[in-house]
Protein chains: 2
Amino acid sequence: MSDNQLPDTGRAAGNAVAPPLSRRRFLSVAGLGAGAAAAGAGALRPGPAVAAGPDPNIVPVPAWSKTLGPGVNVNPYGKPSKFEKDVVRREVTWLTASSESSVSFTPLYALDGVITPNGLCFVRHHGGEAEIDPDKYRFMIHGMVDKELVFTLDDIKRMPGRVNRAYFLECAANSGMEWRGAQLNGCQFTHGMIHNVFYTGVPLRAFLDMAGVKPKGKWVLAEGADAAVMTRSIPIEKALDDCLVAFAMNGEALRPEQGYPVRLVVPGWEGNMWIKWLRRIKVGDQPWQQREETSKYTDLLADGRSRRFTFIMDAKSVVTSPSPQAPLRQKGPNVLTGIAWSGRGSIKRVDVSLDGGRNWTTARLEGPVMPMAMTRFYLDFDWAGQELMVQSRAMDDTGYVQPTKNELRAVRGTNSIYHNNGIQTWLVRSNGETENVEVG
Amino acid sequence: MSDNQLPDTGRAAGNAVAPPLSRRRFLSVAGLGAGAAAAGAGALRPGPAVAAGPDPNIVPVPAWSKTLGPGVNVNPYGKPSKFEKDVVRREVTWLTASSESSVSFTPLYALDGVITPNGLCFVRHHGGEAEIDPDKYRFMIHGMVDKELVFTLDDIKRMPGRVNRAYFLECAANSGMEWRGAQLNGCQFTHGMIHNVFYTGVPLRAFLDMAGVKPKGKWVLAEGADAAVMTRSIPIEKALDDCLVAFAMNGEALRPEQGYPVRLVVPGWEGNMWIKWLRRIKVGDQPWQQREETSKYTDLLADGRSRRFTFIMDAKSVVTSPSPQAPLRQKGPNVLTGIAWSGRGSIKRVDVSLDGGRNWTTARLEGPVMPMAMTRFYLDFDWAGQELMVQSRAMDDTGYVQPTKNELRAVRGTNSIYHNNGIQTWLVRSNGETENVEVG
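Before going into details, it helps to say that this report is about the structure given with it. Just so you know, the residues in each chain are numbered from 1, in the order the chain's sequence is written. Chains carry letters and ligands carry numbers; both start at the beginning, A for chains and 1 for ligands, and go up in the order they are written. Per-residue local features are limited, in this predicted model, to residues with pLDDT of at least 70; the limit for side-chain atom pairs, both in listing and counting, is 80 or more; totals at the level of whole chains, interfaces and linings are taken over all residues. Excluded from the side-chain calculation are hydrogens and water; included are all heavy atoms of the structure.

### Points about the sheet that holds strand 18 (residues 361-362) of chain B
Residue and element names in this part refer to chain B.
- The five strands lie next to each other as 18-17-21-22-23, forming an open sheet whose pairing is antiparallel. A strand with exactly one partner marks an edge of an open sheet, and here the two such strands are strand 18 and strand 23 (434-437).
- Strand direction decides the pairing type here: strand 17 (residues 347-353) and strand 21 (residues 388-396), joined by six bridges, are antiparallel. Bridging across to strand 21, Ile347 finds its partner in Asp396. Paired strands, in this sense, are two strands between which DSSP finds at least two bridges. Numbering of helices and strands runs from the N terminus; a helix is a DSSP stretch of H or I covering at least four residues, while a strand is a stretch of E covering at least two.

### Some thoughts on unusual backbone geometry
- A cis geometry characterises the amide bond from Ser321(A) onward to Pro322(A), with omega recorded as 5 degrees.
- Cis rather than trans, the peptide bond between Tyr260(B) and Pro261(B) has omega equal to 5 degrees.
- In this fold, Pro261(B) is placed in the loop between strand 10 (252-253) and strand 11 (263-265).
- Of note in this structure, Val229(A) is not a glycine but carries a positive phi near 45 degrees.
- Looking at the secondary structure, you find Val229(A) in the loop between strand 7 (219-224) and strand 8 (231-235).

### A short note on the interface of chain B and chain A
- Facing 119 residues of chain B, the contacting portion of chain A comprises 120 residues.
- The term buried area means the drop in 1.4 Å probe accessible area that two parts suffer when joined, counted for both and summed. Carbon and sulfur atoms make up 60% of the surface buried where chain B meets chain A, a total of about 10,200 Å² over both sides.
- Counted as salt bridges are all cases of a side-chain nitrogen of Lys or Arg within 4 Å of a carboxyl oxygen of Asp or Glu. Linking chain B with chain A are six salt bridges, by the criterion used here.
- Between Arg162(A) and Asp112(B) there is a salt bridge whose closest N-O contact spans 2.5 Å. A contact between two residues is defined here by any heavy atoms of the two lying within 4.5 Å.

### Remarks on the relation of the copies chain B and chain A
- When chain B is fitted onto chain A, the two copies agree to an RMSD of 0.0 Å after a turn of 180 degrees and an axial shift of 0.0 Å. Taken together, the rotation and translation describe the operation of a two-fold axis. Of every C-alpha in chain B, the one belonging to Pro117(B) sits nearest the axis of rotation, 3.9 Å from it.
- Of the residues that chain B buries at the interface, 100% are likewise interface residues in chain A, meaning the two copies contact each other through the same surface. Overlaid copies result from least-squares superposition on C-alpha atoms, with residues included only where pLDDT is at least 70 in both.

### Focus on the pattern of salt bridges
- Per the stated rule, a full pass over the model turns up 57 salt bridges over all chains.
- One salt bridge connects Arg255(B) with Glu252(B), and the closest N-O pair in it is separated by 3.0 Å.
- One salt bridge in this structure joins Glu292(B) and Arg291(B), with 2.4 Å as the shortest N-O distance.
- Counted as one network, the salt bridges with shared partners bring together Glu178(A), Lys405(A), Arg409(A) and Glu438(A).

### Some remarks on the sheet that holds strand 7 (residues 219-224) of chain B
Residue and element names in this part refer to chain B.
- With mixed pairing, the five strands of this open sheet are ordered in space as 4-3-12-7-8. The open sheet has two edge strands with one neighbour each: strand 4 (149-152) and strand 8 (231-235). Taken pair by pair, the neighbouring strands of this sheet meet at an average axis angle of 15 degrees, ignoring direction.
- With four bridges connecting them, strand 3 (residues 138-143) and strand 12 (residues 278-284) associate as parallel partners. Directly across from Met140, in strand 12, lies its bridge partner Arg280.
- Here helix 4 (residues 204-211) sits on the sheet in contact with strand 3, strand 4 and strand 12, set at roughly 140 degrees to strand 4. Note on definitions: angles span 0 to 180 degrees between N-to-C directions of axes, and those axes are lines fitted to C-alpha atoms, for helices only across the stretch in contact.

This is the structure:
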């Protein structure tokens, strides 16, 4: 099979990518490449041909086929393989003043597809984690309504109009350390405050309609039952549009650290507003000016003024492999992959550059493309061993194009830690090691 | 708010459902109903109005808002809430001769949405679980091909054309005990040998094309590396159509009990063919007549002949709530939910009966409807406390309609344990308790 016969779906076209990448053969790790090279010119072989000598793992029967293994008694609730023990959420100790207010980052570099597994969804908590007995849980609607209402969890599950929707949740501070230059070496830390989950819940509108919002009601306050009593003001238009009172994620009950038993889902808007352990929605005629919308979660500009109520998370993307935690291991055919998302709608296109933004190739969007949900992209490419400057650039269906970091800085300065959706650059060295770098 | 103002999306229309269900108010558990009833005629209130007396869980601050809870140190790999400890896979001891060959059932009654969480995906293993070191894993393509090939796991991940697809996997024996009458009291046991997962992998076709299938090649043999060395014959047309060599499920690496590091995905076809711990694909000119396609996974008819190679899982559905493990708890508004799937395509429609099949109402399909994937349906209804005979009936986009059990028995007899896709009936008693029953 000649190199010209390679399937070309999503493959970087030679004339669209610079430096041009020659198409090389698969060469396996651990010395297996020699077998492949010997097997015949023009053959694209991932490993040694069988004719080149039997692999001891294939013939005779490997050890793992001779025993019953650890799975004879299946775990009632299953866990990952012991070989995946390093694929975990990680914290950095210096980011928050204490562990009562902390961040655990999603290991994006090791994940694929479009769903974030519940056990690996990033966590930002501001005052620990409320451990709520679901039988004692109550949810209140009050303020400027015709009838104030209190719901049990069972009541919420008996509401008509239950829906299932996949949405990304991104912390406004995701990539915040990058405002002043490349600082964190790994997409788990630069971009790992995001997850993508299928939620099951009831539109918030159903509760507000039942209570009857008075004409003066223009905002709602959402409050959590954690020790921080997290509170955020949300415009009534959004509350009546697509917000959900959610009780399940990816098919099962919400996880404790994600707000069990009930959280607010605010599609496309900054994660801090997705109040966990949701205890009440109050309707009012103006925002409440809470801590998390005044001293925090506002964007300090160069002139000392702040952008406020910057709710929407704009289009953004990042290459998750290769990346510092997922270096290139072999020359020849490789798969570049990453994720893209937009708080304004669906991802329309993702372009990838291998040369720091001089030339771009459109990647394949693969798997469902859903509004305000994480979208997976791939670019199949050949690597000759040259240095690469890998970037991705997302476009959404409003026509918005993800900016460079410098384009963002020119408008916003570098005071803020929030809403950095600039283009990320990874430098792949000729040995495959990959670093977080800045390009001009 | 009068009952007539209730939103009617997906709500059972009065004249389409018999016995007709009157629309009752929400009445909360634990005595809260009295408060609601007292709060004003015509008010649809899930619990007491605030004006009727403060709920001690709302005012003052509940205990769980006063402490930091157990989440100060987030688990690197998260787990469900302690309050969900009963939502687990369950086994029955009498179904298989020994625990080396066993079944763990998905707790469908407690799940919602469209995804099955990895920790709760049903397991059927025939010879324990192969514990494979991913660095030593090899995958071979051989037999009637131009070039025999061996791949490492890393090679598979470097193949062009990686995809993400959601598919249901149903064991051919799911609902098998129901052929001779209602026997298992709970959808976890009657229908729990199914899960729905987003797979990441490479089309099997890419490997076969690389090896070059000889013109004589009409079947492939897929073999697992478990102690059972599970083997199945698959027609080459299916192998070249939509089968995947998958290495991730719902975003993360395959779970050990689901074939880590690599399994075969055979969309819409019986689960036994989705070879776990996939070690080789051999191309041949006829099926291999393996144990699992001769003495097992064939459908013994009344006259002693067997249907063979009955690969496709036909359209089927089940109501997961209410069901024996999820009884009705309150009169008034309730949400009926369930799942539907078809191995021939997409679910087009699901009808629900509350009177044992005399009258039917079309349910709402909610969440993405994807081909050969589990589809979620809901019917919002009011319950006056009368006995119900709950059924669901799926239709797919080929026009196929899920049959009754008796329609199936008339054609297939009752000797087989496989491919029972008959309509399931749950009897809801006036106290809400629910049982598995047969209707004529």
